[in-house]
Structures are given as structure tokens and as C-alpha cells.
Number of protein chains: 2
Amino acid sequence: MADKKMVEAITSMDVDFAQWYTDIVKKAELIDYTSVKGCMVIKPAGYAIWELIQKQLDERFKATGVQNVYLPMFIPESLLQKEKDHVEGFAPEVAWVTQGGLEPLQERMCVRPTSETLFCDFYANDVQSYRDLPRVYNQWCSVVRWEKETRPFLRSREFLWQEGHTVHATAEEAEERTIMMLNLYADFAEQVLAIPVVRGQKTDKEKFAGAVATYTIEALMHDGKALQSGTSHNFGDGFARAFGMQFTDKDNTLKYMHQTSWGMTTRLIGAIIMTHGDNEGLVLPPKVAPIQVCIIPIQQKKEGVLDKAFELKETLAKVCRVKVDDTDKTPGYKFAEAEMRGYPIRVEIGPRDIENGKCVLVRRDTREKIEIDIADIETKVPELLETIQKDMLERARKHRDEHTYVAHNMEEMEKIFSETTGFVKTMWCEDRACEDMIKEKLAVTSRCMPFAQETVGDTCVCCGKPATKMIYWGKAY
Amino acid sequence: MADKKMVEAITSMDVDFAQWYTDIVKKAELIDYTSVKGCMVIKPAGYAIWELIQKQLDERFKATGVQNVYLPMFIPESLLQKEKDHVEGFAPEVAWVTQGGLEPLQERMCVRPTSETLFCDFYANDVQSYRDLPRVYNQWCSVVRWEKETRPFLRSREFLWQEGHTVHATAEEAEERTIMMLNLYADFAEQVLAIPVVRGQKTDKEKFAGAVATYTIEALMHDGKALQSGTSHNFGDGFARAFGMQFTDKDNTLKYMHQTSWGMTTRLIGAIIMTHGDNEGLVLPPKVAPIQVCIIPIQQKKEGVLDKAFELKETLAKVCRVKVDDTDKTPGYKFAEAEMRGYPIRVEIGPRDIENGKCVLVRRDTREKIEIDIADIETKVPELLETIQKDMLERARKHRDEHTYVAHNMEEMEKIFSETTGFVKTMWCEDRACEDMIKEKLAVTSRCMPFAQETVGDTCVCCGKPATKMIYWGKAY
């Protein structure tokens, strides 16, 4: 029964983008809702994407010297309160544990919304000397933020993520690590998820609670809205002073450590859906597709067809993640299902193809059909997967560039946002008042001040005074 | 400074086993204590072991058709209470969340101590038809049990684990999966962790809250105490009735699903320490050793020595996990440190060795030194790792067998437990009263009724009436 629903059409993204999104997460069986309001079940098809993200991100981390650890999920209230900005940022949205077993707790604890405070407490004891630095630790875990409005993957009360937390002997090293991780994220988003991103710095208004500087990668979704897809924070020695995190340096004096943190979350799965999906369903970039190739036998009851399908599977299993759909549904139904689930390539093989030594590859991203010799399948399929991966990035980049605009004054900016949705580049004077005004008037937020600065004018888009930065604006998830 | 402490001797296990254990977890840098009472930090050396356990266990799971998912960490109180035995078993030891953000919750939620109730709630909606069965799902996550007495890895308020939860159309299939997973655990413990285990069934007194049958693998530690190392439960349709988990069967009638669950935890790291460790520190089985080979250069300031060490590293990196210790500590210090950390092999290489084309392999488990030709290192090291893995299992099995005793009556049993600690095999009438009596008198618990039943007598060790089962007893962690 669940299957029958699957191939009914989903809402068109042009009609109702939010409903289109919800239809995909449900019908591609990525998540399910639960009795726990605002929390979701990540089902096998969704979790397998997360496993591929984890594996490839973790390998990249380790190549830069990151080590994984695990810290407790609870933060005593007194620990959360040690850094003023941080507690103000997070206290309104944490879940509080007040009872353990049959006894009320002496001090209540929150479920971690993020673990800066725990890492500070840990490093304060763990690091004594400059010889112990740097410490470059990361953990994979779930965190809780008590959001009022929730949406699958994009904003849920509990979500999965990785959080890296590092300490360094100098401010320079901390800044270097912060930027290194931001670039690692950008490269991962583009090369693995096929999502082009703008790298830049958040304004003071938008930076992380307690950070000196927050860097971000910003992606543009199909509907023109921005999605913050990864952030990297430099804390300077602010937390170190609040938590007494000192070390003996080479010159035998006590110094404060310099600290960073950086994270990516299951929200990336939402980014994949909204960057690549279409009206037939999910479209997965090959590198994070749990099934890269689905073989669909035609007239599978005819002698030799299923055997050939499984023979091809065995051949392809050496070079990609492959399955055969040998259920008793019709081929048309199977095609629709394979499209809904976003398998990058489907292989069609029937009695006639077998006779001719041929089979048909169908690209999910373009729906192009390519007839090939069966004998070539082991080389053609990996080549095509690479091509799809590359093309998906370029197509997304084109869409992003076509929806990036320039505005020189409020009138132009207002006109753009009244007609369309996308990134708007402007100059800015770096005054918070202008940022506040733009948010109030246009209901858009600053996304980032790109590393790759361009001069698109001389004066601030809002106040007209001399500008110091180019900045991106957008409506955001 | 941390390093200096490392090579001070640890407490001998014969003097104080508990202190020996604590010394190892601290000095091999596996864990650290935290401000959160009863919760620990798993440090890089500890977490890397867990990653190897996860990877190898997960591969074995997937080979049997298991799919990974993620369910919420919170359980609403009403959901926890649906199954009577289950709530009685867990309610006294859960942590309660009573406030989300700034508002008190309408219904309090506990942090999952285990997720049967959440999976039931999920499967009740997710499964409609016999075509949807079986569902064989697993999740890797952390759980919380508000223990009063805690010990690193063995018993902590939060721990990491995997929990598999399956539903099936028939009682037979559920039982088959329960036993399959127990055998998978036993095989994993023996082949990967080099820990021999006794497979068997728990008594009704010791089974899991809400289960029809609990199966267990029981291992024997160095000190003769038993450690339950993995469990697999058959729930019959008890939860299904409590949660309304029905499906339409082939015959078009509604039936209740049959359910299993099974789990292994970070406690396994404790089992590794207490099965293989010695008075020099940790001894890691090669298959879960994050570093399998540590190359220690002798007179490393002499020309060519460090170059040769890194050349060997490059060669060995193709066949094992290897590092060079090129710090400025003395070789003797490095040897002691390598022993504390449990690296299965250390390679000693100095100017003289290089001249002769030789190097020395030192086994961590036996401390045996083996001189080999450098040219052979790429084949000799993997061979030796395999030998170590095998020998460690056999040594542990010998220890286990030497500490397994037979008792025919209470007098014999009392004598054994007053003189030593180990497994005691007896016959049993299956009467709960006898089990209670033995626990009260001897402060030991039933460990399991082994699948491999032997006849070690005719009458119950306690009451002397005709016996129906052979059973293992022991002092347990």
C-alpha cells in the first residue's frame, strides 16, 4: 500500500514548494513523523545518505589531523552559564532535565544544544602545556534545540551533526583552522553534494553566540531561498577566559588558549533535496546515493531476463552501489519509483536488448537514455556517474548564478525581492543600523560577506554612505 | 607532563584489580571524568577503538540485511508506560526532561534508556501488510540510565551502543533472528575482540523487562568475574499487543507482529581491557587496535635512522595501521608508553639493524622479540598480527576454561566461591526459589543456561530435586 502511494504524482514545486518538499521526504521514504513533537524518524533511505555524508566528511577531517571523541549529552546549568553571550543565545531553546531516576536533580542540566561549554571544561583540565597543543577534536552526535516551528531535516528539535572543537596556542593558528574547516566544508559541498556555495563571513548580528568571527557557506535552493550549510567559528580566547583554560607556553608563562568550533548537520539532506530534486522526486548526486544504479528487468518472466539482470548486478557491484528491482510491479511503476527515490542511473534490460547485446542507461538528472553494449557496462556506468556528478554541480551553479542579483540602493533591492527570490549582492557600510533596517523593511537577512569581495558600487545600499564591504542578502531557511 | 605519569607503574592487578582497571583507562588515555557525574569523556584512543568495533559490527549486521535508522532520543511518559513490565524495569532509572525552552512541558519525556517503545510506535504505523515484513532496523546512538554506582565503560549514566529492533510475521522468524544476532555477537566477540564467550539463555529472573526470552553471551574477566557482553531478546507479541502493532497477513486477517531487539555497547571496551590487559597496561587485539604497529627508532639522531623508520612506515601503511614515535623521549620511555597503550607490535630499528638489513618485532601480548630481515617486513608483520589475534583468543579461552568449575551441591559451590572467582556450572531444577536462594547465600547470579548443555549431574545444586538444565553462575560486573 505504501508503494501504491509512491507513484501518485507529488505536488509540483512551482505550485507549492513547501508541499513539494514535504511530499518528497515522505514519498522517497526519507523520514517519518513521530509521537515526539518536532522530532523525526530518519528511515533507512534517509539514514543511508547521512552515512555516506559522515564517511566522506570524516575521511576529510582525519586527513587534516582531526581525532574523534565523545562528550556527555548533558550540560549542568552552571557550566552553560559561564560564558555570557553563549548562555543568552542558547538558554531560551534548550530542553531541561530536572529529575534523574526517582530523585529531583540538585542542579538541572540541559541536553546539549552544542558542546562548546563541555569541551571548554574538558580542555581546561586536559591541556597543561604548549606540548599538548593543538587539540583538534570532533564528535558525531545528536543535539537538541527546542524550536517552535519545525521542518524535516531543515529545523527539528533533535538533529544529527558533527561538531569540531579545537584549541590552539596562538590566535593565528586558531584563525587558520577556522578558515581551513570552512574551505573543507565548501569543497565537500561542491565535490560531494554537488551544491555550489558562497564562502564568507557572517556579520556581527548573525554570528554565533560567543564567537569573535563566524564563517559560513551559503547555498541557494530551487525556490531562491538561501540555506546556511556549514559554519566555522573562531572564539578567540573569550571562552578560555570564562573557563580558565590556560597553558604554560614555551616562555614558561601561563597563556589562554585560542579556540574554534565548526559543524555540519542532517540539514544537508534538506539541501540536497532542494538543490537537485524535481517534480518526479528526489535526485541524488552519485557520491551520496546509497543506490547509484537500479537495474529494471523488462518482461522479467521471460527466460533469461532475470538471470541477465543479476549477472549485470554482479558485474556492476565491483564499481558502484547497485540493486535489481525484481518485484512483481510493472516496469512503468518501477521507473516511477526509481525516479522518486532519486537513483542516479537506471538500467533497462529486456529480451530484445539481451538478444542484441545491448542495454539502456537512463540518467535521473536529465532523463536522457543511452544505449550501450552490455560488454561495456563496467566502464560506461562509472563514467556516467562521474558525468552526472559534475553536471549536477554545474546545473546548480548556473541556477545559483542566474538567481544572484546586484542592487545599488534600497529601491533596486526592494524591486528585486518583490519580483523574485535569490541572492542580492550589495555594498554595505558595516553599520548594524542598516542591516536591521533592511531586515525590517524587506524581511531578508544578511547571508555573508564573501571572501571573494567584488566592488559592485561605492556606497552602502541602505544609507548611501561610503561602503566598506560587499555583502549577500537573501530569504533564508 | 601527562606523558611523564604514563610510564610510572600502574597498580598491579593482583594487588587491586579495580584500581588496575582505573589506572589503565586513565593512563592509556581512553577516558576522562567530567563535571557531569557518572558521565565520561571518551578520548581519541578510546573512541578509535569504538569506531573499529562499530565498523566491523555494522558490516556484519548489513550482511544479514540490517538497515540503519535514527529515532528520537526522547520518549513521552505515556509511551514508556504502555508495556507494564518494561516501564517497571526502566522507570526507576531514567532521566526526565520537564521543560523545553522557557515553558514547562505538558507531558514529561525521558531520555531513552532503550528504544523498544519508540520502535513499537513507529512500526505500528509503518507496517501495514505482510509485504512490509520483516523490518530489520538498527540504530547507533547513546542512551541514558541513571545509575547510582558508575565505572568507566562498564556502567555509566550515558553510554554508546547499537540497538537493533525487528518485527516479523511469525514467531518462528522472530526467534530465528534473535538467535542469529546472538550468534553474530558471539562470533564477533571471539573473532574480532578475541574474547571467548558462553552463549545461552537468561533465566526468567534475569531476562530483559518485557521479553519472552533473553539470550546472552557471557565472558570471563581476568579477575574471574563475569561480564554480560551482548544480549538478544525475543519479545513475542507482547509489545505488539500493548502498542496495537498489527498487519494484514496473506490470508487477509489482522495479526500481531513478532518482535526482537539486540544490543552491544561501549562496555565491550571494558571487556577488552579486563580480558587482555596486563600489569604493563592495555593489550589490544589487532583487529580493534587503532595503531597496530608502532615503529620506535633507536639512536634516532644518527643519520639515516629516522629516514629508515619513515620508509618502513610507508611500506607497512599498505598492510596495517602504523605510526612512528619520533618524539624526543628515550627509547625505553617509548617502549613503556607503547606497552601502556597496547599496540600489538612494536618495531625497533637502530643504526646497527639498518647496517645488517634487520629490525626487531616485539609482540605486546607475549613480549617476545623476533628479529627479521627488513625486506620481509611487509609479509611478516601481517602474519604476526594474525598470530597475535589468534593466540590472544586461545590464551583467554584457556584462562576461562581454567576458571570454570563444576559444583553438585551447595557445599561444593560455596567452597568454590569462597576460594576463587569464576564460572561455576551446576544442574538446576528451574525453580526461581533455588535461584533466589543461591543469590542470597553466595552473592552470585545465574549467568545463563548454555545452548551447549552438558549433564554434570542429575539433581539441582540447591534443592536436590531432579534437574532440568545445566546453568552457569558467577559474580558479575
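Since the structure is predicted, the reported quantities are computational estimates derived from the model, not experimental observations.

Rules behind the numbers
Residues numbered from 1 in each chain as written. Chains lettered and ligands numbered in written order. Predicted model: local features only at pLDDT ≥ 70, side-chain atom pairs only at ≥ 80, totals over all residues. Heavy atoms only, no water. Helix = DSSP H or I, 4+ residues; strand = E, 2+ residues; numbered from the N terminus. Rg over C-alpha atoms; globule rule 2.2 N^0.38 Å. Buried < 20%, exposed > 50% of the residue type's maximum accessible area, 1.4 Å probe, protein only. Contact = heavy atoms within 4.5 Å. Lys, Arg positive; Asp, Glu negative; His and termini not counted. Charge placed at Lys NZ, Arg CZ, Asp CG, Glu CD. Buried area = accessible area lost by both parts, 1.4 Å probe. Salt bridge = Lys/Arg side-chain N within 4 Å of Asp/Glu carboxyl O. Polar contact = N/O pair within 3.5 Å; in protein donor to acceptor, adjacent residues only side chain to side chain. Pairing = 2+ DSSP bridges. Least-squares fit on C-alpha atoms with pLDDT ≥ 70 in both. Axes fitted to C-alpha atoms, helices over the stretch in contact; angles between N-to-C directions. Disulfide = S-S within 2.5 Å. pLDDT = per-residue confidence, 0-100. Phe/Tyr/Trp six-rings, centres within 6.5 Å; stacked < 30°, edge-to-face > 60°. Lys NZ or Arg CZ within 6 Å of the ring centre and 35° of its normal. Left-handed = near helix turned anticlockwise from the far one by under 90°. Nonpolar A, V, L, I, M, F, W, Y, C, P; charged D, E, K, R; others polar. Parallel < 35°, antiparallel > 145°, perpendicular 65-115°, else oblique. Expected span 1.5 Å × (residues − 1).

Along chain A, the regular secondary structure elements total 15 helices and 23 strands. For 477 residues, the compact-globule estimate of 2.2 N^0.38 gives 23 Å, and chain A sits close to it at 25 Å. If you line up chain A on its principal axes, its C-alpha atoms span 80 × 60 × 45 Å. Within the span of chain A, comprising 477 residues, buried residues form 59% of the whole. Counting only contacts in chain A whose residues sit at least 6 apart along the sequence, the fraction spanning at least 24 positions is 68%. Computing the positive centroid from 63 side-chain charges and the negative centroid from 75, chain A places the two 2 Å apart.

This part is about the interface of chain B and chain A. At the interface, 51 residues of chain B touch 51 residues of chain A. Carbon and sulfur atoms supply 64% of the area that chain B and chain A bury against each other, a total of about 4400 Å² over both sides. Between chain B and chain A we count 4 salt bridges in total. Its salt-bridge partner being Glu51 of chain A, residue Lys62 of chain B comes within 3.2 Å of it at the nearest N-O pair. The interface formed by chain B and chain A holds 25 residue pairs in polar contact (both at pLDDT 80 or more) in total. Top contributing element to the side of chain B that touches chain A by residue count: strand E5 (residues 95–100) of chain B, with 6 residues. Bridging between strand E5 (residues 95–100) of chain A and E5 of chain B involves 5 bridges; their strand directions are antiparallel. Pairing of Ala95 of chain A across the sheet is with Gly100 of chain B, part of E5 of chain B.

This part is about the relation of the copies chain B and chain A. With an axial shift of 0.0 Å and an RMSD of 0.0 Å, the rotation relating chain B to chain A amounts to 180°. With respect to symmetry, the two chain copies, as superposed, fit the operation of a two-fold axis. For chain B, the residue whose C-alpha comes nearest the rotation axis is Val97 of chain B, separated from it by 2.1 Å. With an isologous cut-off of 70% or more, the 100% of interface residues of chain B that recur at the interface of chain A puts this contact in the isologous class.

The subject of this paragraph is the sheet that holds strand E10 (residues 213–220) of chain A. All names here are of chain A. An order of E3-E7-E8-E14-E11-E10-E9-E22-E23-E21-E20 is seen for the 11 strands of this open sheet, with the pairing classed as mixed. The sheet terminates laterally at strand E3 (67–68) and strand E20 (404–406), the two strands that pair on one side only. Bridge analysis of strand E7 (residues 135–144) against strand E8 (residues 158–168) gives 10 bridges, and the strand direction is antiparallel. Pairing of Val136 across the sheet is with Thr166, part of E8. Contacting E20, strand E21 (423–428) and strand E23 (469–474), helix H14 (residues 410–419) crosses the sheet at an angle of about 170° to E21.

Moving on to the pairing of E5 of chain B. All names here are of chain B. Judged by how many residues are buried, E5 sits mostly within the fold: 5 of 6 residues are covered. Sheet topology places E5 next to strand E6 (residues 103–111); 4 bridges connect them, and they run antiparallel. Bridge assignment links Trp96 to a residue of E6, and that residue is Cys110. With antiparallel pairing between neighbouring strands as the criterion, E5 and E6 make up a hairpin whose turn holds 2 residues, including Gly101 at a positive phi of roughly 65°.

The next thing to look at is the sheet that holds strand E6 (residues 103–111) of chain A. Whether parallel or antiparallel, the strands of a sheet pair through hydrogen bonds between backbone atoms. Here 6 strands make up an open sheet; going across it, the order is E4(A)-E6(A)-E5(A)-E5(B)-E6(B)-E4(B) and the pairing antiparallel. The sheet terminates laterally at strand E4 (74–76) of chain A together with strand E4 (74–76) of chain B, the two strands that pair on one side only. If you compare each strand with its neighbour and ignore which way they point, the axes differ by 45° on average. Inspection of the sheet shows E4 of chain B paired to E6 of chain B by 3 bridges, in the antiparallel sense. Bridge pairing in E6 of chain B links Pro76 of chain B to Met109 of chain B.

Moving on, we come to the environment of Leu57 of chain B. Secondary-structure assignment places Leu57 of chain B in helix H3 (residues 44–63). In contact with Leu57 of chain B, other than residues within four places in its own chain, are Trp140, Gln162, Leu184, Tyr185, Phe188 and Met264 of chain B.

The subject of this paragraph is the state of the cysteines. Residues and elements named next belong to chain A. Applying the stated criterion across every chain yields a total of 0 disulfides over all chains. Cys320 supplies the cysteine sulfur nearest to Cys294, a cysteine that is in no disulfide, at a spacing of 11 Å. For Cys294, a relative accessible area of 2% corresponds to the buried category. As a non-bridged cysteine, Cys463 has Cys434 as the owner of its nearest cysteine sulfur, 3.7 Å distant.

The next thing to look at is the pattern of salt bridges. Evaluation of the coordinates by the stated rule reveals 76 salt bridges over all chains. Between Lys415 of chain B and Glu419 of chain B there is a salt bridge, with its nearest N and O atoms 3.0 Å apart. Of the two residues, Lys415 of chain B and Glu419 of chain B both sit in helix H14 (residues 410–419), 4 residues apart, roughly one turn of that helix. Within the structure, one salt-bridge network assembled from shared partners comprises Glu280, Glu339, Arg346, Glu348, Arg367 and Lys369 of chain A.

Below, the discussion takes up the confidence of the model for chain A. A residue-level look at chain A finds 99% of positions with pLDDT of 70 or above and a mean pLDDT of 96. The ipTM value of the predicted complex is 0.96, and its pTM value is 0.96.

In total, this model carries 34 aromatic pairs over all chains according to the counting rule given. Judged by centre distance (4.9 Å) and plane angle (35°), the rings of Phe17 of chain B and Trp20 of chain B are tilted. Highlighted residues: Phe17 of chain B and Trp20 of chain B, both in helix H2 (residues 17–27), separated by 3 residues, approximately one helical turn. Through successive ring pairs, a cluster of aromatic residues spans Trp50, Phe61, Trp140, Tyr185 and Trp262 of chain A. Here the guanidinium or amino end of Lys225 of chain A rests over the ring plane of Tyr477 of chain A, the centre of that ring lying 4.7 Å away. We note Arg346 of chain A situated over the ring of Phe335 of chain A; from NZ or CZ to the ring centre the distance is 4.1 Å.

This paragraph deals with the packing of helix H2 (residues 17–27) of chain A against helix H9 (residues 267–276) of chain A. Each pair of packed helices gets described by two things: the angle between the helix axes and the distance between those axes. Residue and element names in this part refer to chain A. Interaxial distance between H2 and H9 falls to 11 Å at its minimum, and their mutual angle equals 115°. Remark: the crossing between H2 and H9 carries right-handed chirality. Counted together, Phe17, Trp20, Tyr21, Ile24 and Val25 of H2 and Gly270, Ile273 and Met274 of H9 form the full contact between these two elements. Grouping the amino acids of the contact of H2 with H9 by side-chain chemistry returns 7 nonpolar, 1 polar and no charged.

Moving on, we get to the packing of helix H3 (residues 44–63) of chain A against H9 of chain A. All names here are of chain A. Remark: H3 packs on H9, axes separated minimally by 10 Å, with the N-to-C direction vectors making an angle of 105°. Here H9 runs roughly perpendicular to H3, going by the angle between their axes. Across from Gly46, Ile49, Trp50 and Ile53 in H3, the residues of H9 making contact are Leu268, Ile269 and Ile272. Looking at the contact of H3 with H9, its residues break down into 6 nonpolar, 1 polar and no charged.

Helix length check: helix H7 (residues 171–191) of chain A (21 residues) gives 30 Å between terminal C-alpha atoms against 30 Å at 1.5 Å per residue, within 8%. What H7 of chain A keeps buried is the set Ala174, Arg177, Thr178, Met181, Leu182, Leu184, Tyr185, Ala186, Phe188, Ala189 and Glu190 of chain A.

Time to look at helix H9 (residues 267–276) of chain B. Counted residue by residue, H9 of chain B has 10 buried out of 10 residues, so it is predominantly covered. If you check which residues of H9 of chain B are buried, you get Arg267, Leu268, Ile269, Gly270, Ala271, Ile272, Ile273, Met274, Thr275 and His276 of chain B.

This next bit is on the environment of Gly236 of chain A. All names here are of chain A. Checked against the element boundaries, Gly236 lands in strand E11 (residues 226–236). Sequence spacing of Gly236 and Ala211 is 25 residues, and the spatial spacing of their C-alpha atoms is 7.4 Å. Those residues in contact with Gly236, other than ones at most four positions away along the chain, are Val212, Met257, His258 and Gln259.

The next point concerns the environment of Val198 of chain B. Residues and elements named next belong to chain B. The topology assignment puts Val198 in strand E9 (residues 198–201). Note: C-alpha distance between Val198 and Thr216 (18 residues apart in sequence) is 8.0 Å. Those residues in contact with Val198 that lie beyond four places of it in its chain are Thr216, Ile217, Glu218, Arg400, Phe423, Cys448, Pro450 and Tyr472.

Residue and element names in this part refer to chain A. A cis geometry characterises the amide bond from Leu133 onward to Pro134, with omega recorded as -5°. Looking at the element boundaries, Pro134 is found in the loop between helix H6 (116–126) and E7. The phi torsion at Glu29 lies on the positive side, around 55°, for a residue other than glycine. Tracing the backbone shows Glu29 in the loop between H2 and strand E1 (31–33). Positive phi outside glycine occurs at Glu430, with the angle close to 70°. Within the secondary structure layout, Glu430 lies in the loop between E21 and helix H15 (432–442). With relative accessibility at 40%, the residue Glu430 sits in the partly exposed group.

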